[in-house]
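Structural overview for review
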Amino acid sequence: MKSNITIISEIGINHNGDLDVAKRLIDISKIAGCDVVKFQKRNPDVCVPEHQKGTIKNTPWGDMTYIEYKHRMEFGETEYKEIQSHCKNIGIDWSVSVWDLDSLDFIRDYDISLVKIPSALLTDHELIEACKSLDKKIVLSTGMSTVEEIDLAVECLDGHDFSLLHCNSTYPAPIEDINLRCISRLKERYECEVGYSGHEFGLTTTIASICLGATVIERHITLDRTMWGTDQMCSVEPHGLIKLVKGIRELEMALGDGVKKITEGEKLVRDKLRK
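Description of the structure in this document. Keep in mind the model is a prediction, meaning the values are calculated, not measured. (Residues numbered from 1 in each chain as written. Predicted model: local features only at pLDDT ≥ 70, side-chain atom pairs only at ≥ 80, totals over all residues. Heavy atoms only, no water.)

**What about the overall build of the protein?**
The criterion, for reference: A run of DSSP states H or I qualifies as a helix once it reaches four residues; a run of E qualifies as a strand once it reaches two. Both are numbered from the N-terminal end. Between the two quantities, the radius of gyration covers C-alpha atoms and the globule rule is 2.2 Å times the number of residues to the power 0.38. The rule is simple: take the accessible area with a 1.4 Å probe, protein chains only, and divide by the maximum for that residue type; under 20% is buried, over 50% is exposed, in between is partly exposed. Per-residue and other accessible areas follow the Shrake-Rupley method at a 1.4 Å probe size, with only the shown protein chains counted as cover for residues. Think of it this way: Lys and Arg go in the positive column, Asp and Glu in the negative one, and His and the chain ends go nowhere. Working definition for charges: the position is that of NZ of Lys, CZ of Arg, CG of Asp or CD of Glu.
The helix and strand tally for the protein stands at 12 helices and 10 strands. In summary, the protein has a C-alpha radius of gyration of 20 Å against a globular reference of 19 Å for 275 residues, a match within 12%. Out of the 275 residues in the protein, the part that is buried amounts to 47%. Split by element, the accessible area of the protein, about 14,100 Å² in all, is 51% carbon and sulfur. Side chains of the protein carry 34 positive and 45 negative charges; the gap between the two charge centres is 10 Å.

Shown next, in the form of structure tokens:
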């Protein structure tokens, strides 16, 4: 059975600037059965507010300014060429969240399967319009956004292949705030593909999202939740990722097509028990 659900393994910046860690996370994603691995690309000089750039940050690599830290975490041309080659060699698609126009221009030369616009940039209409020039599917997260803000973003995407992801942008997201029913509401309002990007602890709610119609699932992954980094704690470790993908695929199969019919197995029981 061919799956209609795309599972995105969000590596993000959980590699901590280490290419070997990034490759291990790619390999784990492939083993688990994910369809796409995703990274994040920023130009820190543009993305970091001026008042934060000189702030001293304590890191595992010593004290440094915040802007130095952000640059240290970024992969450049050498690393992304290696990532693209590695993904191609093991047979998994890859993609990037772009956080600014410079990063969008950087990624143009790479063979990504889709481009992601994070919730933080949903109101950046210039970036949304520019992303359309890549001629790739656009996936847009809707965390911390009003309906009116989503309306305007969708207007920018009009005529382009896109998906919306329901999302709560708290890290980690409290279960009572996840509001999975928004998935079906988004599908009704925008008549587009809708998925779910989860930041909660646990796997149940993410798996359950497909019952509400989610066909794109995204979760952050990590080698170990105790690693350095703001996204590590709300990420899924390798064994959890395998369970997550297995649960999604099994539930998708169990949902079926909704047509009531007698299965082959039931025919034997029917002949035996029905007069």
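**What to know about unusual backbone geometry**
In this model, Tyr 171 is joined to Pro 172 through a cis peptide bond whose omega is -5°. Within the secondary structure, Pro 172 is located in the loop between β8 (162–167) and α9 (182–190). Even without glycine at this site, Asn 179 takes up a positive phi of about 55°. With respect to the secondary-structure elements, Asn 179 resides in the loop between β8 and α9. Positive phi values are uncommon outside glycine, yet Glu 191 reaches one of about 50°. Inspection of the secondary structure puts Glu 191 in the loop between α9 and β9 (193–198). The class for Glu 191 is exposed, based on a relative accessible area of 73%.

**Observations concerning the side chain of Lys 53**
We count it as follows: Polar contact criterion, stated in full: a pair of N or O atoms within 3.5 Å, where within protein one must be able to donate a hydrogen and the other to accept it, and residues adjacent in sequence count only if both atoms are side-chain atoms. Any pair of residues with heavy atoms lying within 4.5 Å of one another is described as a contacting pair.
Examined against the element boundaries, Lys 53 turns out to sit in helix α3 (residues 50–53). At a separation of 2.7 Å, a polar atom in the side chain of Lys 53 contacts the side chain of Glu 50. Not counting residues up to four positions away in its chain, the partners in contact with Lys 53 are Pro 44, Asp 45, Val 48, Thr 65, Tyr 66 and Ile 67.

**What to know about the sheet that holds β8**
Our working rule: Only strands that DSSP links by at least two bridges are regarded as paired with each other. Each axis is a line fitted through C-alpha atoms, and for a helix only the stretch in contact is used; angles between axes span 0 to 180 degrees, taken between their N-to-C directions.
Taken in spatial order, the 8 strands line up as β1-β2-β5-β6-β7-β8-β9-β10 and close into a barrel, and their pairing is parallel. Within this sheet the neighbouring strands show an average axis-to-axis angle of 25°, counted without direction. Taken together, the 4 bridges between strand β7 (residues 137–141) and β8 define a ladder with parallel strand orientation. For Ile 138, the partnering residue across the bridge sits in β8 and is Phe 162.

**Focus on the nonpolar core**
In plain terms, the rule: For the purposes of this section, nonpolar cores are sets of buried Ala, Val, Leu, Ile, Met, Phe, Trp, Tyr and Cys residues that join through side-chain atoms within 4.5 Å.
Core analysis: the biggest nonpolar cluster contains 62 residues, and Phe 39, Trp 94 and Leu 241 have the highest contact counts within it. Counting residues per element, this core draws most heavily on helix α1 (residues 19–32), at 6 residues. Within the second largest apolar cluster, 6 residues are counted, among which are Val 36, Leu 114, Val 139 and Val 216.

**Describing the pairing of strand β1 (residues 6–12)**
Summarising burial for β1: 6 of the 7 residues are buried, a large majority. In terms of strand pairing, β1 meets strand β10 (residues 216–220) through 5 bridges, oriented parallel. Within β10, the position partnered with Ile 8 by the bridge is Glu 218.

**Describing the environment of Asp 161**
Within the fold, Asp 161 resides in the loop between α8 (147–157) and β8. Spatially, the C-alpha atom of Asp 161 lies 28 Å from that of Ser 235, the residues being 74 residues apart in sequence.

**A look at the packing of aromatic side chains**
Filter applied, for reference: Only Phe, Tyr and Trp rings are paired, with Trp represented by its six-membered ring, and only when their centres lie within 6.5 Å; those with planes under 30 degrees apart are stacked, over 60 edge-to-face, the remainder tilted. Counted as over-ring charges are cases with an Arg CZ or a Lys NZ within 6 Å of the ring centre that also lie within 35 degrees of the ring normal.
Across all of its chains, the model carries 11 aromatic pairs by this definition. With a centroid separation of 6.1 Å and an interplanar angle of 85°, the aromatic rings of Phe 75 and Tyr 80 are classed as edge-to-face. On the basis of relative accessibility, which here comes to 3%, the residue Phe 75 falls in the buried class. Members of the aromatic cluster, joined through ring pairs, are Phe 39, Phe 75, Tyr 80, Trp 94, Phe 106 and Tyr 110. Positioned over the ring face of Trp 99 is Arg 42, at 3.9 Å from the centre of the ring. Seen from the ring of Trp 61, Arg 72 lies directly overhead, with NZ or CZ sitting 3.8 Å from the centre.

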